[in-house]
Amino acid sequence: MSESLYDSKGLPAVNGGADLHTHTTASDGMESPASNVRLAKQAGLEAIAITDHDTVAGLKEAREEAEKLSIELVPGVEISTVEEGIDIHVLGYFIDEHDPKFLERLKGLRNTRDIRNQMLVEKLTALGIPLTMDEVVGELDRSLAEGETVGRPHIADALVRRGAAKNMKDAFDRYLGKDGAAYVNPPRIRPLDAAAWIREAGGAVVLAHPGLYGSDELVERIVAEIKPDGIEVWHSDHGEADAARYYALAERLAVLMTAGSDFHGARQGDVFHGALGSRRINMHVVERLKHIASHRGC
(Lines give C-alpha, C1' and ligand atoms only; values in the text may rest on other atoms or scores of the structure.)
Protein backbone atom coordinates (compact mmCIF):
# COMPACT_ATOMS: atom_id res chain seq x y z
CA MET A 1 0.00 0.00 0.00
CA SER A 2 1.38 3.36 -1.04
CA GLU A 3 2.39 5.49 1.94
CA SER A 4 1.49 8.59 -0.06
CA LEU A 5 -2.22 8.01 0.59
CA TYR A 6 -1.83 8.47 4.33
CA ASP A 7 -0.04 10.64 6.83
CA SER A 8 1.26 9.20 10.10
CA LYS A 9 -2.25 9.00 11.55
CA GLY A 10 -4.14 8.32 8.35
CA LEU A 11 -5.66 11.78 8.45
CA PRO A 12 -5.34 14.54 5.86
CA ALA A 13 -2.40 16.78 6.63
CA VAL A 14 -4.65 19.81 6.08
CA ASN A 15 -8.32 20.61 6.61
CA GLY A 16 -10.58 18.50 4.43
CA GLY A 17 -10.82 14.80 3.73
CA ALA A 18 -13.75 12.45 4.17
CA ASP A 19 -15.60 10.86 7.08
CA LEU A 20 -16.59 7.48 5.65
CA HIS A 21 -18.89 6.22 8.40
CA THR A 22 -21.98 8.14 9.58
CA HIS A 23 -25.57 7.26 10.47
CA THR A 24 -28.82 9.19 10.15
CA THR A 25 -32.45 8.92 11.19
CA ALA A 26 -32.85 6.44 8.33
CA SER A 27 -31.37 3.89 10.75
CA ASP A 28 -30.26 4.61 14.31
CA GLY A 29 -28.78 8.09 14.02
CA MET A 30 -30.24 11.18 15.64
CA GLU A 31 -29.68 13.64 12.79
CA SER A 32 -31.45 13.70 9.43
CA PRO A 33 -29.44 12.87 6.29
CA ALA A 34 -29.42 16.56 5.34
CA SER A 35 -28.23 17.52 8.82
CA ASN A 36 -25.31 15.09 8.60
CA VAL A 37 -24.26 16.75 5.36
CA ARG A 38 -24.48 20.22 6.92
CA LEU A 39 -22.41 19.05 9.89
CA ALA A 40 -19.82 17.67 7.47
CA LYS A 41 -19.62 21.02 5.72
CA GLN A 42 -19.22 22.80 9.06
CA ALA A 43 -16.44 20.38 9.97
CA GLY A 44 -14.54 21.35 6.82
CA LEU A 45 -14.91 17.94 5.18
CA GLU A 46 -14.71 17.55 1.43
CA ALA A 47 -16.85 14.40 1.44
CA ILE A 48 -19.15 12.43 3.71
CA ALA A 49 -20.44 8.89 3.50
CA ILE A 50 -23.94 8.01 4.69
CA THR A 51 -23.72 4.39 5.83
CA ASP A 52 -27.00 3.55 7.51
CA HIS A 53 -27.64 0.05 8.81
CA ASP A 54 -29.19 -2.21 6.16
CA THR A 55 -30.84 0.67 4.30
CA VAL A 56 -30.12 3.31 1.66
CA ALA A 57 -33.27 5.30 2.49
CA GLY A 58 -31.32 8.40 3.54
CA LEU A 59 -29.21 8.79 0.41
CA LYS A 60 -31.64 10.81 -1.71
CA GLU A 61 -32.07 13.54 0.91
CA ALA A 62 -28.34 13.58 1.67
CA ARG A 63 -27.43 13.89 -2.01
CA GLU A 64 -29.77 16.84 -2.52
CA GLU A 65 -28.20 18.68 0.42
CA ALA A 66 -24.68 17.77 -0.70
CA GLU A 67 -25.34 19.28 -4.12
CA LYS A 68 -26.54 22.52 -2.50
CA LEU A 69 -23.44 22.75 -0.31
CA SER A 70 -20.90 21.56 -2.90
CA ILE A 71 -19.68 18.65 -0.80
CA GLU A 72 -19.26 15.14 -2.16
CA LEU A 73 -21.67 12.46 -1.00
CA VAL A 74 -20.29 8.92 -0.85
CA PRO A 75 -23.31 6.61 -1.13
CA GLY A 76 -22.90 3.80 1.34
CA VAL A 77 -24.48 1.16 3.54
CA GLU A 78 -23.47 -0.84 6.61
CA ILE A 79 -24.64 -4.44 6.41
CA SER A 80 -25.26 -6.47 9.57
CA THR A 81 -23.85 -10.00 9.58
CA VAL A 82 -22.83 -12.69 12.06
CA GLU A 83 -19.72 -14.87 12.12
CA GLU A 84 -19.12 -17.40 14.90
CA GLY A 85 -21.85 -15.75 16.97
CA ILE A 86 -20.25 -12.29 16.72
CA ASP A 87 -21.93 -9.28 15.08
CA ILE A 88 -19.75 -8.24 12.13
CA HIS A 89 -20.46 -5.15 10.04
CA VAL A 90 -19.47 -4.76 6.40
CA LEU A 91 -19.45 -1.36 4.72
CA GLY A 92 -20.32 -0.90 1.05
CA TYR A 93 -19.38 2.25 -0.89
CA PHE A 94 -20.60 3.62 -4.24
CA ILE A 95 -23.19 0.85 -4.43
CA ASP A 96 -26.06 1.09 -6.93
CA GLU A 97 -28.72 2.22 -4.49
CA HIS A 98 -31.46 1.58 -7.06
CA ASP A 99 -30.54 -2.05 -7.76
CA PRO A 100 -33.83 -3.99 -7.19
CA LYS A 101 -32.14 -7.19 -6.03
CA PHE A 102 -29.92 -5.32 -3.59
CA LEU A 103 -32.88 -3.39 -2.19
CA GLU A 104 -34.84 -6.60 -1.68
CA ARG A 105 -31.90 -8.14 0.13
CA LEU A 106 -31.64 -5.12 2.44
CA LYS A 107 -35.36 -5.36 3.15
CA GLY A 108 -34.83 -8.94 4.30
CA LEU A 109 -32.09 -7.78 6.68
CA ARG A 110 -34.39 -5.13 8.13
CA ASN A 111 -37.00 -7.81 8.76
CA THR A 112 -34.38 -9.77 10.72
CA ARG A 113 -33.55 -6.60 12.66
CA ASP A 114 -37.24 -6.21 13.53
CA ILE A 115 -37.27 -9.77 14.88
CA ARG A 116 -34.13 -9.04 16.91
CA ASN A 117 -35.67 -5.89 18.36
CA GLN A 118 -38.81 -7.74 19.39
CA MET A 119 -36.73 -10.44 21.07
CA LEU A 120 -34.77 -7.74 22.92
CA VAL A 121 -37.81 -6.00 24.38
CA GLU A 122 -39.31 -9.34 25.37
CA LYS A 123 -36.13 -10.22 27.29
CA LEU A 124 -36.09 -6.79 28.91
CA THR A 125 -39.71 -7.25 29.98
CA ALA A 126 -38.82 -10.65 31.45
CA LEU A 127 -36.01 -8.92 33.37
CA GLY A 128 -38.53 -6.59 34.97
CA ILE A 129 -38.26 -3.67 32.52
CA PRO A 130 -41.60 -3.57 30.67
CA LEU A 131 -41.09 -2.23 27.16
CA THR A 132 -42.70 -2.64 23.75
CA MET A 133 -41.47 -1.74 20.28
CA ASP A 134 -44.56 0.44 19.85
CA GLU A 135 -43.31 2.49 22.80
CA VAL A 136 -39.77 2.67 21.39
CA VAL A 137 -41.03 3.87 18.00
CA GLY A 138 -43.55 6.23 19.62
CA GLU A 139 -40.76 7.99 21.49
CA LEU A 140 -39.11 8.93 18.18
CA ASP A 141 -41.77 11.66 17.86
CA ARG A 142 -42.04 10.97 14.15
CA SER A 143 -43.27 8.30 11.79
CA LEU A 144 -40.79 5.90 10.21
CA ALA A 145 -40.45 6.47 6.45
CA GLU A 146 -40.23 3.66 3.92
CA GLY A 147 -36.93 1.84 4.29
CA GLU A 148 -36.06 3.34 7.68
CA THR A 149 -35.12 1.02 10.51
CA VAL A 150 -34.94 0.97 14.31
CA GLY A 151 -31.76 -0.15 16.09
CA ARG A 152 -30.43 -0.90 19.56
CA PRO A 153 -29.57 2.77 20.26
CA HIS A 154 -33.30 3.54 20.09
CA ILE A 155 -33.97 0.84 22.68
CA ALA A 156 -31.05 2.08 24.79
CA ASP A 157 -32.55 5.56 24.69
CA ALA A 158 -35.84 4.14 25.97
CA LEU A 159 -34.01 2.42 28.84
CA VAL A 160 -32.35 5.68 29.87
CA ARG A 161 -35.68 7.52 29.72
CA ARG A 162 -37.15 4.93 32.11
CA GLY A 163 -34.25 5.16 34.53
CA ALA A 164 -33.22 1.56 33.83
CA ALA A 165 -29.79 2.74 32.65
CA LYS A 166 -27.66 5.76 33.49
CA ASN A 167 -26.67 6.50 29.91
CA MET A 168 -26.22 4.88 26.51
CA LYS A 169 -23.02 3.10 27.48
CA ASP A 170 -24.61 1.72 30.62
CA ALA A 171 -27.61 0.47 28.61
CA PHE A 172 -25.33 -1.43 26.23
CA ASP A 173 -23.01 -2.70 28.95
CA ARG A 174 -25.83 -3.99 31.18
CA TYR A 175 -28.48 -5.04 28.68
CA LEU A 176 -27.96 -4.63 24.93
CA GLY A 177 -24.29 -5.35 24.18
CA LYS A 178 -22.89 -8.82 23.52
CA ASP A 179 -22.34 -9.39 27.26
CA GLY A 180 -25.62 -7.77 28.28
CA ALA A 181 -28.45 -9.52 30.09
CA ALA A 182 -30.96 -9.01 27.24
CA TYR A 183 -28.60 -9.60 24.30
CA VAL A 184 -29.99 -11.70 21.48
CA ASN A 185 -28.50 -12.54 18.11
CA PRO A 186 -30.91 -14.17 15.64
CA PRO A 187 -29.53 -15.89 12.53
CA ARG A 188 -28.14 -13.43 9.98
CA ILE A 189 -26.14 -13.63 6.79
CA ARG A 190 -22.37 -14.12 6.96
CA PRO A 191 -19.80 -11.42 6.07
CA LEU A 192 -19.03 -13.37 2.88
CA ASP A 193 -22.66 -12.94 1.78
CA ALA A 194 -22.60 -9.21 2.50
CA ALA A 195 -19.40 -8.76 0.52
CA ALA A 196 -20.90 -10.62 -2.43
CA TRP A 197 -24.08 -8.52 -2.31
CA ILE A 198 -22.09 -5.28 -2.26
CA ARG A 199 -19.96 -6.39 -5.19
CA GLU A 200 -23.02 -7.49 -7.15
CA ALA A 201 -24.48 -4.01 -6.52
CA GLY A 202 -21.32 -2.49 -8.00
CA GLY A 203 -19.79 -1.33 -4.73
CA ALA A 204 -16.47 -1.43 -2.88
CA VAL A 205 -16.23 -3.61 0.26
CA VAL A 206 -14.69 -2.45 3.55
CA LEU A 207 -14.62 -4.34 6.86
CA ALA A 208 -15.98 -2.00 9.55
CA HIS A 209 -14.30 -1.35 12.94
CA PRO A 210 -12.41 -4.67 13.37
CA GLY A 211 -11.33 -3.62 16.84
CA LEU A 212 -14.87 -4.15 18.13
CA TYR A 213 -15.00 -7.88 17.41
CA GLY A 214 -12.81 -9.01 20.27
CA SER A 215 -10.61 -11.34 18.24
CA ASP A 216 -7.94 -10.49 15.70
CA GLU A 217 -7.83 -14.19 14.83
CA LEU A 218 -11.48 -13.94 13.77
CA VAL A 219 -10.74 -10.72 11.85
CA GLU A 220 -7.91 -12.48 9.99
CA ARG A 221 -10.22 -15.35 9.01
CA ILE A 222 -12.91 -12.96 7.82
CA VAL A 223 -10.60 -10.83 5.67
CA ALA A 224 -9.05 -13.96 4.19
CA GLU A 225 -12.50 -15.12 3.13
CA ILE A 226 -14.21 -11.93 2.00
CA LYS A 227 -11.08 -10.29 0.52
CA PRO A 228 -12.26 -6.73 1.24
CA ASP A 229 -11.14 -3.74 -0.79
CA GLY A 230 -10.35 -1.95 2.47
CA ILE A 231 -10.28 -2.08 6.26
CA GLU A 232 -11.60 0.65 8.57
CA VAL A 233 -8.33 1.34 10.38
CA TRP A 234 -9.30 4.61 12.11
CA HIS A 235 -12.58 4.47 14.04
CA SER A 236 -13.85 6.35 17.08
CA ASP A 237 -13.60 3.21 19.22
CA HIS A 238 -10.10 2.24 18.02
CA GLY A 239 -7.20 3.22 20.23
CA GLU A 240 -3.74 3.91 18.85
CA ALA A 241 -2.71 0.28 19.31
CA ASP A 242 -5.80 -0.90 17.41
CA ALA A 243 -5.11 1.50 14.54
CA ALA A 244 -1.49 0.38 14.38
CA ARG A 245 -2.48 -3.30 14.16
CA TYR A 246 -5.04 -2.76 11.43
CA TYR A 247 -2.74 -0.40 9.55
CA ALA A 248 -0.22 -3.24 9.47
CA LEU A 249 -2.89 -5.75 8.42
CA ALA A 250 -4.15 -3.54 5.59
CA GLU A 251 -0.60 -2.89 4.46
CA ARG A 252 0.19 -6.60 4.47
CA LEU A 253 -2.93 -7.36 2.42
CA ALA A 254 -2.37 -4.36 0.11
CA VAL A 255 -5.91 -3.07 0.67
CA LEU A 256 -7.16 0.45 1.35
CA MET A 257 -7.22 1.94 4.84
CA THR A 258 -10.33 3.96 5.65
CA ALA A 259 -11.46 6.18 8.51
CA GLY A 260 -14.88 6.95 9.95
CA SER A 261 -16.37 8.49 13.07
CA ASP A 262 -19.41 6.14 13.13
CA PHE A 263 -21.35 9.26 14.09
CA HIS A 264 -24.87 8.58 15.42
CA GLY A 265 -25.57 11.98 16.95
CA ALA A 266 -26.13 12.81 20.62
CA ARG A 267 -28.42 10.89 22.95
CA GLN A 268 -28.93 11.96 26.55
CA GLY A 269 -26.14 14.49 26.00
CA ASP A 270 -23.58 11.90 24.86
CA VAL A 271 -22.29 11.70 21.27
CA PHE A 272 -22.54 8.04 20.29
CA HIS A 273 -19.19 6.67 19.04
CA GLY A 274 -17.65 9.96 17.86
CA ALA A 275 -18.29 13.45 16.54
CA LEU A 276 -18.82 13.77 12.82
CA GLY A 277 -15.49 14.47 11.16
CA SER A 278 -13.44 13.29 14.15
CA ARG A 279 -12.05 10.47 11.99
CA ARG A 280 -11.29 11.40 8.40
CA ILE A 281 -9.24 10.06 5.53
CA ASN A 282 -7.44 11.56 2.57
CA MET A 283 -9.60 12.18 -0.51
CA HIS A 284 -7.27 9.96 -2.52
CA VAL A 285 -8.86 7.03 -0.69
CA VAL A 286 -12.33 8.16 -1.76
CA GLU A 287 -11.13 8.28 -5.35
CA ARG A 288 -9.69 4.78 -5.02
CA LEU A 289 -12.97 3.42 -3.65
CA LYS A 290 -14.85 5.13 -6.48
CA HIS A 291 -12.42 3.65 -9.01
CA ILE A 292 -12.88 0.14 -7.61
CA ALA A 293 -16.67 0.48 -7.70
CA SER A 294 -16.75 1.94 -11.20
CA HIS A 295 -14.83 -1.01 -12.59
CA ARG A 296 -16.97 -3.47 -10.64
CA GLY A 297 -20.09 -2.02 -12.19
CA CYS A 298 -18.81 -2.55 -15.72
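Refer to the preceding data block for the structure.
Described in the following lines is the structure provided in the data block. Bear in mind the structure is a predicted one, so any value in this text is a computation, not a measurement.

Quick notes on the overall build of the protein chain
Phase 1: Along the protein chain, the regular secondary structure elements total 10 helices and 9 strands.
Phase 2: Compactness check: the protein chain gives a C-alpha radius of gyration of 18 Å against a globular reference of 19 Å for 298 residues, within 12% of the reference.
Phase 3: Summarising its shape, the C-alpha atoms of the protein chain cover approximately 55 × 45 × 40 Å along the three principal directions.
Phase 4: Every one of the 298 residues in the protein chain was classed for burial, and the buried ones make up 57%.
Phase 5: Long-range pairs, those at least 24 residues apart, make up 72% of the contacts in the protein chain between residues at least 6 apart in sequence.
Phase 6: If you sum the accessible surface of the protein chain, you get close to 12400 Å²; carbon and sulfur atoms cover 51% of it.
Phase 7: Taken together, the 34 basic and 48 acidic charged side chains of the protein chain have centroids lying 1 Å from each other.

Overview of the side chain of Glu 97
Phase 1: Position of Glu 97 among the secondary structure elements: in the loop between β4 (86-93) and α3 (100-126).
Phase 2: Within the local environment of Glu 97, its side chain forms a polar contact with the side chain of Arg 63, the two groups lying 2.8 Å apart.
Phase 3: When near neighbours in sequence (up to four residues on either side) are disregarded, Glu 97 contacts Val 56, Leu 59, Arg 63, Pro 75 and Leu 103.

Concerning the pattern of salt bridges
Opposite charge on two side chains makes pairing possible when the charged atoms of those side chains draw close.
Phase 1: Going through the model one piece at a time under the given rule, you end up with 22 salt bridges.
Phase 2: The salt bridge partner of Lys 68 is Glu 65, with a shortest N-O separation of 3.9 Å. A residue pair is termed a helical-turn pair when its members lie 3 or 4 positions apart in one helix, as Lys 68 and Glu 65 do in helix α2 (residues 59-69) at 3 residues.
Phase 3: The network of salt bridges with common partners includes Glu 135, Glu 139, Asp 157, Arg 161 and Arg 162.

Here we look at the sheet that holds strand β5 (residues 204-207)
Phase 1: With respect to topology, 7 strands assemble into an open sheet ordered β1-β2-β3-β4-β5-β6-β7, the strand pairing being mixed. Edge positions in the open sheet fall to β1 (18-19) and β7 (256-260), since each of these has one partner strand only.
Phase 2: Of the pairings in the sheet, the one linking strand β3 (residues 72-83) to β4 comprises 8 bridges and is antiparallel in character. Across the sheet, Gly 76 pairs through a bridge with Tyr 93, a residue of β4.

Conventions and cut-offs
Residues numbered from 1 in each chain as written. Predicted model: local features only at pLDDT ≥ 70, side-chain atom pairs only at ≥ 80, totals over all residues. Heavy atoms only, no water. Helix = DSSP H or I, 4+ residues; strand = E, 2+ residues; numbered from the N terminus. Rg over C-alpha atoms; globule rule 2.2 N^0.38 Å. Buried < 20%, exposed > 50% of the residue type's maximum accessible area, 1.4 Å probe, protein only. Contact = heavy atoms within 4.5 Å. Areas by Shrake-Rupley, 256 points an atom, 1.4 Å probe, with all protein chains shown as cover. Lys, Arg positive; Asp, Glu negative; His and termini not counted. Charge placed at Lys NZ, Arg CZ, Asp CG, Glu CD. Polar contact = N/O pair within 3.5 Å; in protein donor to acceptor, adjacent residues only side chain to side chain. Salt bridge = Lys/Arg side-chain N within 4 Å of Asp/Glu carboxyl O. Pairing = 2+ DSSP bridges.

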